[in-house]
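For reference, the chains in residue letters:
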Amino acid sequence: MATTLPRNAQVAEQFDLLADLLELEGEQQFRVLAYRRAADTIRTSGSPIAQLAVEGKAKDLPGIGQTIQSKIVQIVDKGEIEALTKRKSTIPAGVADFLRIPALGPKTARRIWQDLGIETVDDLRKAAEAEQLRTLPGLGAKTEERILKALDETPVEQRTLLAVALPAVLAVVEVLREHKASNEVSEAGSVRRRTETVKDLDIIATADDPGALTAYFTKLRWVAEVEAKGKTKATVVSHDGLRFDLRVVPPDAYGNLLQHFTGSKAHNVALREDAVRRGLSISEYGVKEVESGEVWTARTEEELYERLGYRWIPPELREGRGELKAAANGELPPLVETGDLKGDLHMHSTWSNDGKNTLEEMVEAAKARGYAYVAVTDHAHYLREGRFDAQFEEVEALNERLSPFRILRGIEVSIRVDGSLDFPDDDLVKCDWVMASLHSAFEKSPTERLLSAMEHPHVDCIGHPTARKLNRRQGVELDLDRVIAKGLETNTFLEINSQPDRLDLRDTHAKRAGEAGLMLAISTDSHELGALDFVELGIAQARRAWLTKDQILNTRTWKQIERLKKS
DNA sequence: GCCGTTTTCGGCCCGACTGTTTTCAGTCG
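Small disclaimer: the values here were computed from a predicted structure and weren't measured.

Visitor: Please explain the nonpolar core as it appears in this structure.
Guide: If you look at soluble globular proteins, the nonpolar side chains tend to sit buried side by side. One finds V374, I407, I411, V413, I462 and L494 to be the most contacted residues of the largest nonpolar core, which totals 57 residues. In this view, V413 contacts A380, L421, D422, F423, L428, V434, M435, A436 and S437; residues no more than four positions away in its chain are not counted. The next biggest cluster of nonpolar side chains, apart from the first, holds 45 residues, and it includes V32, I49, I75 and L139.

Visitor: I tried to follow helix α20 (residues 446-455) on my own but got confused; where do I start?
Guide: One turn of the α-helix equals 3.6 residues, which is why residues spaced by three or four share an orientation. Within α20, seven of the 10 residues are buried, which leaves it mostly tucked inside the rest of the structure. Listed as buried for α20 are P446, T447, R449, L450, L451, A453 and M454. Those residues of α20 that are buried are in contact with β14 (433-437), β15 (461-462), α21 (480-490) and β16 (493-497).

Visitor: Quick question: what am I supposed to make of the pairing of strand β9 (residues 286-289) here?
Guide: In regular strands, side chains alternate between the two faces of the sheet. With four bridges connecting them, strand β8 (residues 280-283) and β9 associate as antiparallel partners. Residue pairing across strands places I282 opposite V287, the latter belonging to β9. Counted along the chain from β8 to the antiparallel partner β9, the turn is two residues long. Alignment of β9 against strand β10 (residues 295-296), held across two bridges, turns out to be antiparallel. Bridging from a neighbouring strand, K288 pairs with V295 of β10. Between β9 and β10, which pair antiparallel and follow one another directly, the connecting turn spans five residues, one of which, G293, has a positive phi of 80 degrees.

Visitor: Quick question: what am I supposed to make of the protein's contact with DNA strand B here?
Guide: Lining the immediate surroundings of DNA strand B are 38 residues, of which G65, A103, G105, G140 and R272 lie closest. Within 4 Å of the protein, the atoms of DNA strand B are drawn from sugar and phosphate moieties in a proportion of 75%. Contact distances for DNA strand B include 2.2 Å between a phosphate oxygen and a backbone N or O atom of G140. For DNA strand B, a phosphate oxygen lies 3.2 Å from a polar atom in the side chain of T143. Mapped by element, the contributors of at least two residues to the surface near DNA strand B are α2 (29-44), α4 (66-78), α7 (106-116), α9 (141-152), α14 (265-277) and β8.

Visitor: Mind showing me how you'd approach the pattern of salt bridges here?
Guide: Think of it this way: side chains of opposite charge can pair up when their charged atoms draw near. All told, the structure shown has 42 salt bridges when counted by the stated rule. Across the pair R409 and D389 runs a salt bridge whose closest N-O atoms are separated by 3.4 Å. A residue pair is termed long-range when its members are at least 10 positions apart, and R409 in strand β13 (residues 406-414) and D389 in helix α18 (residues 387-402) qualify at 20 residues. Look at R409 and you get buried, because its relative accessible area is 6%. Looking at D389, the relative accessible area reads 40%, which means it is partly exposed. A salt bridge links R502 to D525, with the nearest nitrogen and oxygen atoms 4.0 Å apart. In this pair, R502 sits in the loop between β16 and α22 (507-516) while D525 sits in the loop between β17 (520-523) and α23 (535-544), placing the two residues 23 residues apart along the sequence. The residues R502 and D525 share a single accessibility class, namely buried.

Conventions used here
Residues numbered from 1 in each chain as written. Chains lettered and ligands numbered in written order. Predicted model: local features only at pLDDT ≥ 70, side-chain atom pairs only at ≥ 80, totals over all residues. Heavy atoms only, no water. Core = buried A, V, L, I, M, F, W, Y, C linked by side-chain atoms within 4.5 Å. Buried < 20%, exposed > 50% of the residue type's maximum accessible area, 1.4 Å probe, protein only. Contact = heavy atoms within 4.5 Å. Helix = DSSP H or I, 4+ residues; strand = E, 2+ residues; numbered from the N terminus. Pairing = 2+ DSSP bridges. Near = heavy atom within 4 Å. Polar contact = N/O pair within 3.5 Å; in protein donor to acceptor, adjacent residues only side chain to side chain. Salt bridge = Lys/Arg side-chain N within 4 Å of Asp/Glu carboxyl O.

Shape is all these values report; function is a separate question.
Below you can see the structure in the form of C-alpha cells.
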C-alpha cells in the first residue's frame, strides 16, 4: 500500500542524520555533502521518493545515484538506512546534538566526545562550566563561553516570514538611500531572492564615507542591539527581533558584491564551478583569470553575468536549479509580473465568519487595484439556509453598479475525508468559480481526496493544495504527479495561495506543475482589505517556480478563463 | 557519493573571521 511508505520528510531526515554521524566519524566531506544534497532534493521533491526508489526511478533526480536509491529502499524495507543503524550504535545520540550548537563543528564535537568522553549536551554544559574543554589543544576560554551562551539561548529557531522581512528590509534600504554618505543601496540575500522565509536580512551599499553610513545604521531608532560594527560591516538586531546585516563596499565591484551576497549558496557554487572549468576564479571582489592573474570587476550584475557568458538571472531563480544553463543558452523564461494579473479568484468577506471586511469593501478595493474581476469565495458552511442566495443578490446588485467590473459568484468548499464536498451539487452548479480545499483531517489520504474533488464536475481549482502553515505545520505529502495529471485530465487548476504563512503550492511544486503544462491561479485568499497586497508574495513564489504569464490562469480575461475551465 | 562539451576516474567554490595560534584549522555564509 502506497500509504504505508515513508514520507519524503522522514527519508530526508535520515539522510541528514547519516550525514551528521559520518561527519563526526571524520568521513570525507564530499560524501557527507552528497547525503546532504540528496536530503535537500528529497525534501523539496513533489514525488513520493520511496515509491520512486522502489521502482528504480529515484536516481533520475539530481544528486541521487544508485547508492542513495538503494538506501531509500532500505528505509522502505527495514525502516532505517542500515549504515545509519550501525552508526547509531557507536555514536551517542547526544553527540549529534553538539552539531546544532553554533560555532561547534564536527571536528571539535568529535574531539570533545572522544578525548573527554562527553556524550550528552548536559555533560557538555558541565564540562564547559568546569573549564574542562580548554584542556583540549585549540580550545580555550572563549570557546567555553560561546558554548554556554549558545546553550542558554532558545533552541528552536523560527524563520521570519517573507511578508514580515520584505517590508522591513525595503524600509531600511529607503532610509539608507536618503543618507548623504550612501551611493547605491540594495537588499540582498534571501530577501532579494524572495524565499518564503528568511533568517538574516541582508543589505549592501556603496558609500563615499563607509564609516559614516555604518555608524548611522547602528544608531537608527529601532535598533535594540548592535552585534558587530566595523567600518564596512555592521550587524544589528531590531526590537522585534529581526537581524540586519549591512555591508558597505567599493563602487567598482558593486556588481560582484551584489551578486555574491544575493546568493544562493547553491547558485554561487555552481557559478564558480562553471568558472573554474574555464580558468576563472570568482569571488565577491572580482573575477580572476587564473593564468594571467588578471582581475576584472563589474559595476552591475548585468555586466558580471554577461561577461561570464550568461544572461542576467532574476534573483528569484538563483537556487542552483538549472538557471545557469538556461541563462547560458538564452532560455530563461520571461517571469510573470504583478501587473500581468487581471483578477483575484479567491477571497472572503464578512459572509465568512472570519472575514473582516464586507463584500462591497473587498470588491471595491480589488477594482481599485485595477482588476477586471474577482471571485468572492466565502466558505460553504457559512452559506447555508438561504444565505447562499442572499449573498448572490448582493453580488448581482454590485455587479450592476460596478460594470464592466465583474464579480464572479464563487465559493470555497471543503473536501471531506471521503472526498465528497460540503455543499450540494445543485447549488455548486450555479457558481461561476468553485475552489475546493483541505481544511481538516489532513493525514487522511490527502492525495485521494484531492483527486476525487478534481473529478467533481463543478470544482474549478484546488486551494492551498498541501495545506501547510509555515512555522506551524508541515503540509500533507501529496503524490504531486498524480494530482497534476488529474488536473490536466479534468481541467482543474491548482492554486498558488499568497497568504504569508501558506505560499502553497511551494516553489518547487509549482515549477513541476508548470513544466507538466498545468496552469496555476495566483490568489490571495484575502480575509481583509490589506491582504490583497499579499499578491506580491504569490507572484514572487510563481517567479521562483520559473512561471511565465501564460502559465498563470488569472493573467487572462474572465472570458478566456471560461473557455479553459471544465463544463 | 555524484557526475561528465576537457573526465566512467578524478575531480568536486571562495574568502573572512575566530580563537588559538608562531602559520593555522575550523567554522561560517
